[in-house]
Amino acid sequence: MTTALGIDIGGTGIKGARVDLTSGELVSERVKYATPEGGHPGDILSVVAQILDDLGGTSSDHTGICFPAVVTHGITRSAANVSADWIDFPARDMFARSLDRDIHFVNDADAAGVAEARYGAAQGVRGLVIMLTLGTGIGSAFLMDGTLVPNSEIGHLELLGTDIEKRASNAARERDGLSFPEWAAILTQYLTHVEKIFSPELFIIGGGISKESQDFFPLIDIATPLKAAELLNNAGIVGAAYLAGNSLLD
Ligand code: BGC
């Protein structure tokens, strides 16, 4: 079996598992810890080291890490829901040096989108697929004929008078006590806007709340087909592992 390790760093939790790269399934337990208060690089590094320790394996394991920020050349360029220490921070090098292994480092929504294209709801879909993860913020992944166009960041479109993730994320729904019809009305405005600009073939909605898609998808009124992420909340882990290890599949 060809496997790699995937770690998904989020604003509230950090989780990891070993992934079978042929099927995209987790082949270890899913280890999860709370994100340390403040989300500073050194503290997050300690948790990631603990997860790798829990998962066993060696430094020759292909290891992918996904993170909620713009990532170019292994450097984190933004910090919407994490410590500002991550802005222009050489994240990939810090993890690689401290964990004594090569690291593939990628945006969390981009990792999730790649996982859906390879193993889930976007498999075989031609043209533009837009995945949106509705969690603490809103992450986005653009996939053109299955190929990732990274760092799209359309959770930060300015709409309804604000950065849209502040109104339309799942955290915003909870904070504002919105019913599903109220939240779906906001999502309809957001997705209609995105639809107008990009004319995608398909939207995929991920994040923990995608488990409840049957309760709010029917209330979203758009023309583009809408699917729930098939890998649910494991998409980031699976995509990070796949990106780290896909050369093993050749
Ligand atoms: C960040 C993105 C991230 C998303 C989901 C946004 O606030 O800017 O980089 O993908 O949250 O975690």
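See the structure shown above.
Residues numbered from 1 in each chain as written. Predicted model: local features only at pLDDT ≥ 70, side-chain atom pairs only at ≥ 80, totals over all residues. Heavy atoms only, no water.

A. Focus on the site of the ligand. Around the ligand lies a shell of 13 residues, among which Asn107, Asp108, Glu153, His156 and Glu165 are the nearest. In this structure, alanine 69 approaches the ligand through a main-chain N or O atom, which is 3.3 Å from an oxygen atom. Within the complex, the protein chains bury 93% of what would otherwise be the 310 Å² of accessible surface of the ligand. At a threshold of 2 Å from the grid points, most atoms of the ligand map onto the largest pocket. Elements with a contribution of two residues or more to the shell around the ligand: helix H3 (108-119) and strand S9 (138-144). Residue classes in the shell around the ligand are distributed as six nonpolar, four polar and three charged. A domain-level breakdown of the shell around the ligand finds at least three residues from each of domain 1 (3-107) and domain 2 (121-229). (Near = heavy atom within 4 Å. Polar contact = N/O pair within 3.5 Å; in protein donor to acceptor, adjacent residues only side chain to side chain. Areas by Shrake-Rupley, 256 points an atom, 1.4 Å probe, with all protein chains shown as cover. 1 Å grid on protein atoms, 1.4 Å probe; cavity = no way out; pocket = protein on both sides within 12 Å on 5 of 7 lines; lining within 4 Å. Sits in = over half its atoms within 2 Å of the grid points. Helix = DSSP H or I, 4+ residues; strand = E, 2+ residues; numbered from the N terminus. Nonpolar A, V, L, I, M, F, W, Y, C, P; charged D, E, K, R; others polar. Domains from an automatic or database assignment.)

B. The pairing of strand S1 (residues 3-9), seen in detail. The element S1 is extensively covered by neighbouring structure, given that seven of its seven residues are classed as buried. Side chains Thr3, Leu5, Ile7 and Ile9 of S1 all project onto a buried face; the interleaved residues Ala4, Gly6 and Asp8 project onto the opposite face, where all are buried too. As defined by bridge partners, S1 adjoins strand S2 (residues 13-20) across seven bridges and the pair is classed as antiparallel. For alanine 4, the partnering residue across the bridge sits in S2 and is valine 19. If you look at the hairpin formed by S1 and S2, you'll find three residues sitting between the two strands. When S1 meets strand S4 (residues 63-67), the two strands line up parallel, connected through four bridges. Bridging from a neighbouring strand, aspartate 8 pairs with cysteine 66 of S4. (Buried < 20%, exposed > 50% of the residue type's maximum accessible area, 1.4 Å probe, protein only. Pairing = 2+ DSSP bridges.)

C. Representation of the environment of leucine 128 in the model. Within the secondary structure, leucine 128 sits in strand S8 (residues 128-134). Assessed through its relative accessible area of 13%, leucine 128 is described here as buried. Sequence spacing of leucine 128 and threonine 147 is 19 residues, and the spatial spacing of their C-alpha atoms is 9.3 Å. In this structure leucine 128 touches Phe142, Leu143, Met144, Phe198, Pro200, Glu201 and Leu202, once residues within four positions along its chain are discounted. (Contact = heavy atoms within 4.5 Å.)

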